[in-house]
Amino acid sequence: MEIRRQYFETIDSTNLEIKRIAATGALEGTVISAGEQTAGRGRSGHQWETPKDVSLATSILLRPTVKIEHVSRLTLIAAMAVAEAVESLYDLETEIKWPNDILVNRKKICGILTEMDARENQVQYVVVGIGVNVHTREFPEELREKATSLDLELERLGMDRAKTSRRDLDEAIWNHFQKYYDVFQRTEDLQCILDAYNKRLVNREREVRVLDPLGAYTGVAKGMNERGELLVETAGQLRAVDSGEVSVRGIYGYV
Ligand code: BTN
């Protein structure tokens, strides 16, 4: 896959722009990034704030040849790419909260929204959209305990926050993503990220509550498998939890 980049000072949503150009035949690997989103979209129909020149908003158009049921694995690859990009550019350690929250100092710095268009059980295209808090200094009350930014964390560690650049980060994220995507297209599994992902998994050996629609239960998270499922030990049994079907909460607060 070859990456082609376009930048907008302001746009409604980079995910929406990818959808528009996908419909007119744009090529796989097209990346749209923006300095500001006026209608940024988060998961579960939430809004995602992207005030001017503060955070990174970037989306990629993919036309994967994989089975529909494997598409959600792309979000995990994107999470891995963000973690590696941040660590390669800045002196920060990242952790991953399964399935796709990237944490620094146990707080979220990034959100990922993957959307798919499929017809007759065939994937037409996929959009992976990534938002990273880069220069953010203030969060709304309800996010203050849960969210942070690269600048805030570098500052906390006494490091130079003038170093952060949305452009460098954008480039590094998609370079890391591309490397894994090319392998994933052949294997359709997550073997290529498994060790690096599990090394950063914040849920590991922690109690989690699995909100399974068939009945919630508590267990200890053991790690992710190559299918992207979280393995949870409960009542002497290892259960594989699929991110599309159930959600997992830490027992003690956010993590
Ligand atoms: C989440 O709710 O955690 C996911 C947030 C995803 C936000 C990004 S910003 C770039 C792309 N464009 C959007 O409108 N949303 C995603």
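Residues numbered from 1 in each chain as written. Predicted model: local features only at pLDDT ≥ 70, side-chain atom pairs only at ≥ 80, totals over all residues. Heavy atoms only, no water.

Colleague: Explain the site of the ligand to me, please; I cannot follow it from the model alone.
Modeller: The local shell around the ligand holds 19 residues, among which Ser13, Thr14, Gln37, Arg41 and Arg43 are the closest. Side-chain polar atom of glutamine 37 to a nitrogen atom of the ligand: 2.9 Å apart, as the coordinates give it. Contact between the ligand and arginine 43: an oxygen atom at 2.7 Å from a main-chain N or O atom of the residue. Breaking the shell around the ligand down by element, the ones donating at least two residues are α1 (14-23), β3 (55-62), β6 (107-119) and β7 (122-133). With 4 residues, the top contributor of residues to the shell around the ligand is β6. When the residues that make up the shell around the ligand are grouped by side-chain class, the tally is 5 nonpolar, 11 polar and 3 charged. (Near = heavy atom within 4 Å. Polar contact = N/O pair within 3.5 Å; in protein donor to acceptor, adjacent residues only side chain to side chain. Helix = DSSP H or I, 4+ residues; strand = E, 2+ residues; numbered from the N terminus. Nonpolar A, V, L, I, M, F, W, Y, C, P; charged D, E, K, R; others polar.)

Colleague: Before we go on, may I ask you to explain the domain arrangement of the protein in this structure?
Modeller: Where interface size is quoted, it is often the accessible area lost as the parts come together. Under the domain assignment used here, the protein contains domain 1 (4-199) and domain 2 (203-250). Placing the centre of domain 1 and that of domain 2 at their C-alpha centroids yields a distance of 24 Å. On the side of domain 2, 15 residues touch domain 1, which itself brings 15 residues to the contact. Taken together, the two surfaces of domain 1 and domain 2 that pack against each other cover about 1200 Å², and 55% of this comes from carbon and sulfur. Put simply, domain 1 and domain 2 have 0 salt bridges between them. At the junction of domain 1 with domain 2, the criterion picks out 6 residue pairs in polar contact (both at pLDDT 80 or more). Sorting the residues of the side of domain 1 that touches domain 2 by element identifies α2 (73-89), β4 (95-97) and α5 (194-199) as the ones contributing at least two each. Considering every element that reaches the side of domain 1 that touches domain 2, the biggest residue donor is α5, with 4 residues. Looking at the side of domain 1 that touches domain 2 residue by residue, the class counts come to 8 nonpolar, 2 polar and 5 charged. (Domains from an automatic or database assignment. Contact = heavy atoms within 4.5 Å. Buried area = accessible area lost by both parts, 1.4 Å probe. Salt bridge = Lys/Arg side-chain N within 4 Å of Asp/Glu carboxyl O.)

Colleague: Got a minute to help me understand the nonpolar core in this structure?
Modeller: Inside soluble globular proteins, nonpolar side chains tend to come together where they are buried. In terms of nonpolar packing, the biggest core is built from 57 residues, with Val128, Ile130, Val132 and Leu169 touching the most fellow members. Structurally, this core is a two-domain feature, drawing no fewer than three residues from each of domain 1 (4-199) and domain 2 (203-250). When sequence neighbours within four positions are dropped, the list of residues in contact with isoleucine 130 reads Leu56, Ala57, Thr58, Ala78, Val82, Cys110, Gly111, Ile112, Ile173 and Trp174. Within the second largest apolar cluster, 10 residues are counted, among which are Ile21, Leu61, Tyr125 and Val127. (Core = buried A, V, L, I, M, F, W, Y, C linked by side-chain atoms within 4.5 Å. Buried < 20%, exposed > 50% of the residue type's maximum accessible area, 1.4 Å probe, protein only.)

Colleague: Quick question: what am I supposed to make of the sheet that holds strand β5 (residues 101-104) here?
Modeller: Pairing between the strands of a sheet is mediated by backbone hydrogen bonds and can be parallel or antiparallel. Reading across the sheet, the 7 strands line up as β1-β2-β3-β7-β6-β5-β4 and stay open at both edges, with mixed pairing between neighbours. Looking at which strands have only one partner, the edges of the open sheet turn out to be β1 (4-8) and β4. Between one strand and the next, the sheet's axes are offset by a mean angle of 20°, whatever the strand orientation. Relative to β3, strand β2 (residues 30-34) runs antiparallel, the two being bridged by 4 bridges. Within the sheet, the bridge partner assigned to valine 31 lies in β3 and is isoleucine 60. (Pairing = 2+ DSSP bridges. Axes fitted to C-alpha atoms, helices over the stretch in contact; angles between N-to-C directions.)

Colleague: What is the right way to look at the pairing of β3 in this model?
Modeller: Looking along a regular strand, one sees side chains alternate from face to face of the sheet. Within β3, 8 of the 8 residues are buried, which leaves the element mostly enclosed by the surrounding structure. The side-chain alternation of β3 yields two buried faces, one formed by Ser55, Ala57, Ser59 and Leu61 and the other by Leu56, Thr58, Ile60 and Leu62. Where β3 lies against β7, 8 bridges are found, and the strand directions are antiparallel. Within β7, the position partnered with serine 59 by the bridge is glycine 129.

Colleague: Would you mind showing me how to read the packing of aromatic side chains here?
Modeller: The way to describe two aromatic rings as a pair is by their centre distance and the angle between their planes. Within the structure shown, the criterion is met by 2 aromatic pairs. Seen in terms of ring centroids, tryptophan 174 and phenylalanine 177 are 5.4 Å apart; in terms of plane orientation they differ by 80°. Their pairing is edge-to-face. Taken together, the residues span about one helical turn, with tryptophan 174 and phenylalanine 177 both in helix α4 (residues 166-187) at a distance of 3 residues. Ring centres 5.8 Å apart and planes at 20° place the aromatic pair phenylalanine 177 and tyrosine 181 in the stacked group. Highlighted residues: phenylalanine 177 and tyrosine 181, both in helix α4, separated by 4 residues, approximately one helical turn. Grouping residues by exposure puts phenylalanine 177 and tyrosine 181 together as buried. In this structure an aromatic cluster arises from ring pairing among Trp174, Phe177 and Tyr181. Arginine 239 extends its terminal NZ or CZ atom over the ring of tyrosine 217, reaching a point 3.9 Å from the ring centre. (Phe/Tyr/Trp six-rings, centres within 6.5 Å; stacked < 30°, edge-to-face > 60°. Lys NZ or Arg CZ within 6 Å of the ring centre and 35° of its normal.)

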